[in-house]
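Structural description and commentary
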Protein chains: 4
Amino acid sequence: MAITLSEAERVLQAAKAHAQELGIRVSICVVDPRGDLVAAVRMDGARWTTPEIAWGKAITSAMYGVPSATLQERANSPVMQSTMLRLGGRFVPQQGALPIKRGDEVIGAVGISGGPSQQDEESAQAGLDAL
Amino acid sequence: MAITLSEAERVLQAAKAHAQELGIRVSICVVDPRGDLVAAVRMDGARWTTPEIAWGKAITSAMYGVPSATLQERANSPVMQSTMLRLGGRFVPQQGALPIKRGDEVIGAVGISGGPSQQDEESAQAGLDAL
Amino acid sequence: MAITLSEAERVLQAAKAHAQELGIRVSICVVDPRGDLVAAVRMDGARWTTPEIAWGKAITSAMYGVPSATLQERANSPVMQSTMLRLGGRFVPQQGALPIKRGDEVIGAVGISGGPSQQDEESAQAGLDAL
Amino acid sequence: MAITLSEAERVLQAAKAHAQELGIRVSICVVDPRGDLVAAVRMDGARWTTPEIAWGKAITSAMYGVPSATLQERANSPVMQSTMLRLGGRFVPQQGALPIKRGDEVIGAVGISGGPSQQDEESAQAGLDAL
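It is worth spelling out the overall build of chain A at this point. In terms of helices and strands, chain A carries four helices and four strands. When the helices and strands of chain A are read in sequence order from the N terminus, they spell out α-β-β-α-α-β-β-α. Radius of gyration (C-alpha) of chain A: 13 Å, near the 14 Å computed for a compact globule of 131 residues. Taking the principal axes of its C-alpha atoms as reference, chain A extends roughly 40 × 35 × 20 Å. Each of the 131 residues in chain A was classed as buried or not, and the buried ones make up 59%. Residue pairs in contact within chain A that sit at least 24 positions apart in sequence constitute 64% of those at least 6 positions apart. Total accessible area on chain A stands at roughly 5,100 Å², and carbon and sulfur atoms take up 50% of it. If you average the places of the 12 positive and of the 14 negative side-chain charges in chain A, the two averages end up 6 Å apart.

See the structure below:
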């Protein structure tokens, strides 16, 4: 079953609070297992491109069911490059997104963009901890 | 000045509450004056394409500074058609989005998709009323 | 032979001066016979999409060697629609652009977007008059 | 606040004069902070693709608020690659563009393409010096 909007909003708010503590300005995007958008915010001052990058990271993480960071070293492989092309750039195998699970099942993912990617991921983890 | 995230979240929550009262399942998207995403949600059960359509309606409304409904009759003009193409479909001159103003200045727009477009717009208005 | 940059700048400045007199805020684009950009400006306050629309009108006018207004009634024909698609929206068969000729030869075109399209074309004519 | 057209024209003319001194044939594009076009020229003899490349470099520089040259080493990162795709190629993390600032605020950027990229950037700097 996919993440509900009410769960996604809890993830979003907790991730946002953590980013604020870190002093970074980010966009945060929660997607369902298919990568379709459930909820998103861009914090004041975050670059205009960050919502799409956060979304792309979340899609990537939901697709493979793993943190997007673990795909980074394969980012130039033919499969990753072709996926990026087919999805029109909305696929970003770079640190900053984590899968959201219920038990063993992937029910969605949260992706973040705008800070150093280590801090993006840390904020994503803070989001997951709120569930 | 652009709408802030905290203002956008108030618009979003009020529009969502109104849609729930109407019993429709929609996506709601708030953008800044340039059409870039500030906040978005997809209600449980809303079709996966609705976030992009809500975004496209909001972009349209922010671009012209008018309700997207007023552009509907010109939707087949060459300028509208070419804009839809250049923006890769993320331009939807159809009822369901309203500009957000501070005094005379357009500070963003809210777009909704998923219900009958008259009810989409009515929910958008409920969002504006929360500001 | 194509229009030179120095000629294009004279067209641009004269068209801009006329638009200022009319009190409209427009983008103006001069292209060569192939439709490639030679010079462009967006006046303060003109909508962000207007440079691309002005460019699209100019491409249209240079392609056919006629005012873009004369193509408007055929805008929904299969050829026009397919051209708009192939050019990714950068083809706008609507009033506001005029071909630039040296004798009988089309050496470029000037396209304008942002005002009522009759005034866009009138400003384009003022640009041509400067040559 | 965004750069005005009159400021952009001064940047453009000074950059063009410098390029002429260097004997290179380039396109020059000035954008606002969002990357939307404010003014552009293609010098006689510059390749037809150079206006779009200059625009892409300027968008890149405005987006990050830094010289586009500083992003060149990260050009193959997933975020850069995905951004290039999402923007349909209109993102060029390569030397030749500089941000335009008023105090600490990025008010736009100027991008140049057509010469050796070191000389493109040098001409962009000559443009900035005119402000």
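With that settled, consider the environment of A:Val11. All names here are of chain A. Along the chain, Val11 falls in helix α1 (residues 5-22). With a relative accessible area of 0%, Val11 lands in the buried category. Residues Val11 and Leu131, spaced 120 residues apart in sequence, show a C-alpha to C-alpha distance of 6.7 Å. Ignoring anything within four residues of it in the chain, the contact list for Val11 reads Val30, Ile100, Val110, Gly127, Leu128 and Leu131.

In screw terms, the move from chain B to chain A is a rotation of 180 degrees and a rise of 0.0 Å along the axis, fitting with an RMSD of 0.1 Å. Classification of the inter-copy transformation places it as that of a two-fold axis. Taking C-alpha positions as reference, the residue of chain B nearest the rotation axis is B:Ala40, located at 2.5 Å. When the interface residues of chain B are mapped onto chain A, 100% of them again fall at the interface, so both copies present the same face.

What follows concerns the packing of aromatic side chains. Scanning the entire structure with this criterion turns up three aromatic pairs over all chains. When the centroid spacing of 6.5 Å and the interplanar angle of 50 degrees are considered together, the rings of C:Tyr64 and C:Phe91 count as tilted. Taken as a pair, C:Tyr64 in helix α2 (residues 50-64) and C:Phe91 in the loop between α3 (78-86) and β3 (97-102) lie far apart in primary sequence, 27 residues in all. Looking at C:Tyr64, the relative accessible area reads 32%, which means it is partly exposed. Overall, the relative accessible area of 0% leaves C:Phe91 in the buried class. The ring of C:Trp55 carries C:Arg90 above its face, with NZ or CZ at 3.7 Å from the centroid. In this structure, D:Arg34 packs its charged tip against the face of A:Trp48, placed 3.2 Å from the ring centre.

All right, on to the sheet that holds strand β3 (residues 97-102) of chain A then. The strand order across the open sheet built from eight strands is β3(A)-β4(A)-β1(A)-β2(A)-β2(B)-β1(B)-β4(B)-β3(B), with neighbouring strands paired in antiparallel fashion. A strand with exactly one partner marks an edge of an open sheet, and here the two such strands are β3 of chain A together with β3 (97-102) of chain B. In this sheet, adjacent strand axes meet at a mean angle of 15 degrees when their direction is disregarded.

This part is about the relation of the copies chain D and chain A. Relating one copy of the chain to the other requires a rotation about an axis plus a shift along that axis. Screw-axis analysis of chain D against chain A gives a translation of 0.7 Å along the axis, an RMSD of 0.1 Å, and a rotation angle of 92 degrees. This pairing of chains is accounted for by a four-fold axis. Residue D:Leu85 of chain D places its C-alpha closer to the rotation axis than any other residue of that unit, at 4.8 Å.

The subject of this paragraph is the pattern of salt bridges. Counted by the stated rule, this structure contains 26 salt bridges over all chains. Between B:Arg90 and A:Glu52 there is a salt bridge, and its shortest N-O distance comes to 2.7 Å. Here the residue B:Arg90 occupies a position in the loop between α3 (78-86) and β3, and A:Glu52 occupies one in helix α2 (residues 50-64), the pair thus bridging two chains. In this structure A:Glu52 comes out as buried when scored by relative accessible area, which is 13%. Between B:Glu7 and B:Arg102 there is a salt bridge, with the nearest N and O atoms lying 2.7 Å from each other. Within this pair, whereas B:Glu7 is found in helix α1 (residues 5-22), its partner B:Arg102 is found in strand β3, the two being separated by 95 residues in sequence. Residue B:Arg102 is classed as partly exposed on the basis of its relative accessible area, which comes to 33%. Residues participating in the shared-partner salt-bridge network are A:Glu52, A:Arg90, B:Glu52 and B:Arg90.

Cut-offs applied
- Residues numbered from 1 in each chain as written.
- Chains lettered and ligands numbered in written order.
- Predicted model: local features only at pLDDT ≥ 70, side-chain atom pairs only at ≥ 80, totals over all residues.
- Heavy atoms only, no water.
- Helix = DSSP H or I, 4+ residues; strand = E, 2+ residues; numbered from the N terminus.
- Rg over C-alpha atoms; globule rule 2.2 N^0.38 Å.
- Buried < 20%, exposed > 50% of the residue type's maximum accessible area, 1.4 Å probe, protein only.
- Contact = heavy atoms within 4.5 Å.
- Areas by Shrake-Rupley, 256 points an atom, 1.4 Å probe, with all protein chains shown as cover.
- Lys, Arg positive; Asp, Glu negative; His and termini not counted.
- Charge placed at Lys NZ, Arg CZ, Asp CG, Glu CD.
- Least-squares fit on C-alpha atoms with pLDDT ≥ 70 in both.
- Phe/Tyr/Trp six-rings, centres within 6.5 Å; stacked < 30°, edge-to-face > 60°.
- Lys NZ or Arg CZ within 6 Å of the ring centre and 35° of its normal.
- Pairing = 2+ DSSP bridges.
- Axes fitted to C-alpha atoms, helices over the stretch in contact; angles between N-to-C directions.
- Salt bridge = Lys/Arg side-chain N within 4 Å of Asp/Glu carboxyl O.

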